[in-house]
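Reading the structure
Residue strings, one per chain:
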Amino acid sequence: MDPYLLGLRLRDRRVVVVGGGAVASRRIPALLDAGAEILLVSPKATASLEDLAAAGRIRWAARGYSPGACAGAWLVCACTDSPAVNQAVAAAAEAQQTWCVRADDAEASAAWTPASGQAGDVRIGVLSGDPRHSAAIRDAVLAGLRSGQLSARHERGRRAGVAIIGGGPGDPGLITVRGRQLLAEADVVLTDRLAPRVLLDELRDDVEIIDASKIPYGRAMAQEHINSALISHARAGRFVARLKGGDPFVFGRGAEEVLACLRAGVPVTVVPGVTSAVAVPASAWVPVTHRGVAQDFHVVSVHVPPGDKRSTVNWELMGGSSGTLVLLMAVERIGAVADELLRHGRSAGTPVSVIADGTLPTQRTITSTLDQVESVVTQEGIRPPAIVVVGDVVSIAAEITELMRDVTA
């Protein structure tokens, strides 16, 4: 007989899990996400389950199974490594008319757990009689939903308002799953110059795309016009995605756009992104922290140079620190920055890495020292966008690169 698929709403309902091994460790997180009140019955438990019990998220009865343990349960999971114990648990559940999932014997199980997964607000479950086949189908469907290749408009509870989406450092594979899902649902997309624009080609033909780029010393869509476009399209009943590079709250003016929307009565959500301040150095094997080398790092925007009255950066602190400095928008002011850091105590021989087009196929990396970096940047013709990393962690990248050559040789 074919099983009947059903979604159980388990919030504040008791679920008894018998057995504290690997199977229980896989099942319990999903049950917690469903809001279940979980009783774990097992003399031993994995470290992750013990941690959940210590945090008060599950109740752990540290004993073997005994009759009566399933009392009051809406659902029972028999997950021990003993078929006899699992059979006894299933029989007790059957006697009290409670559904029971046996992890060891599908044919003897009153209920089956499908291969399941979630993409945004869509949860899917697959049953095929072959667990591996079910998992493969689930993975294929989830991949399509998460990439936006499988998408359908919401008809009941259709999205409204604005989503401010961090697109990551440039590589389209580094946008978050949530960001890609919301982008696929948009009616209108306002995109930045440094956003992963290749994703725009995957959108439906009827999606309106507005170029909101700000080109250094060139064309730029004024921020007030961007805010106005977000609000007007949302008020017209369209779901608007604001696709930005990096993380919208890291030198991205995302909070300004959120405030503008909320002040206009437009609902807004923010999807964090992978910030280039950390991702781009990592793409060049530069760790912004490293044990015994740097235990702090500072992210600084150099859109105005040291000494400019608009600058709020404490360059004296930056020069006197031994931590890593990650400088954004610094390439065209690197000479002034280097002079300021040297004046406030940084060593002339401090390693510096400059990474242009980080995470993209055109990525370039140069390594220099603080007293020579300006001339090297000029000689190599490095242009924005680029990230500058100042500190001894740059030497770790050199060691990693050398060892990688040995491994791949």
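Look above for the structure.
Rules behind the numbers
- Residues numbered from 1 in each chain as written.
- Predicted model: local features only at pLDDT ≥ 70, side-chain atom pairs only at ≥ 80, totals over all residues.
- Heavy atoms only, no water.
- Buried < 20%, exposed > 50% of the residue type's maximum accessible area, 1.4 Å probe, protein only.
- Helix = DSSP H or I, 4+ residues; strand = E, 2+ residues; numbered from the N terminus.
- Contact = heavy atoms within 4.5 Å.
- Pairing = 2+ DSSP bridges.
- Axes fitted to C-alpha atoms, helices over the stretch in contact; angles between N-to-C directions.
- Arc of directions from axis to C-beta.
- Parallel < 35°, antiparallel > 145°, perpendicular 65-115°, else oblique.
- Left-handed = near helix turned anticlockwise from the far one by under 90°.
- Nonpolar A, V, L, I, M, F, W, Y, C, P; charged D, E, K, R; others polar.

All of the buried residues in helix H10 (residues 334-343) are Ile334, Gly335, Val337, Ala338, Glu340 and Leu341. Packing partners of the buried residues in H10 comprise helix H9 (315-320), strand E14 (324-328), helix H11 (373-380) and strand E17 (386-390). Where H10 terminates, the next one or two residues include Gly345, which has phi positive at roughly 120 degrees.

For the rest of this paragraph, the subject is the sheet that holds strand E4 (residues 75-78). Sheet architecture is open: 5 strands sit in the order E3-E2-E1-E4-E5, paired in parallel fashion. Each edge of the open sheet carries a strand with a single partner, namely strand E3 (59-61) and strand E5 (99-102). Along the sheet, successive strands turn relative to each other by an average axial angle of 20 degrees, direction set aside. The pairing of strand E1 (residues 14-18) with strand E2 (residues 37-41) spans 5 bridges and is classified as parallel. Within E2, the residue paired with Val18 across the bridge is Val41.

On to helix H1 (residues 22-33), then. Residues lying three or four places apart along an α-helix face the same way, a consequence of the helix completing one turn every 3.6 residues. Where H1 is concerned, the buried positions are Ala24, Ser25, Ile28, Leu31 and Leu32. Looking straight down H1, one finds its buried side chains confined to an arc of 135 degrees; they lie on one side. Exposed side of H1, more than 90 degrees from the buried face: Ala22, Arg26 and Asp33 are the residues found there. The inward-facing, buried residues of H1 contact E1, E2, helix H2 (47-54) and E4. Gly35, located one to two residues past H1, shows a positive phi value of around 85 degrees.

Here we take up the environment of Glu374. Relative to the assigned elements, Glu374 resides in helix H11. Separated by 43 residues in the primary sequence, Glu374 and Val331 have C-alpha atoms spaced 8.5 Å apart. With sequence-adjacent residues up to four places away left out, Glu374 is seen in contact with Ile334 and Gly335.

On to the packing of helix H6 (residues 223-235) against helix H7 (residues 254-263). Two elements in contact, H6 and H7, have axes separated by 10 Å at closest approach and are oriented at 45 degrees. By the angle between their directions, the pair H6 and H7 is classed as oblique. H7 is crossed by H6, and the crossing has right-handed handedness. Contacts between H6 and H7 pair Gln223, Ile226, Asn227, Leu230 and Ile231 from the former with Glu256, Glu257, Ala260 and Cys261 from the latter. Of the residues that constitute the contact of H6 with H7, the class distribution is 5 nonpolar, 2 polar and 2 charged.

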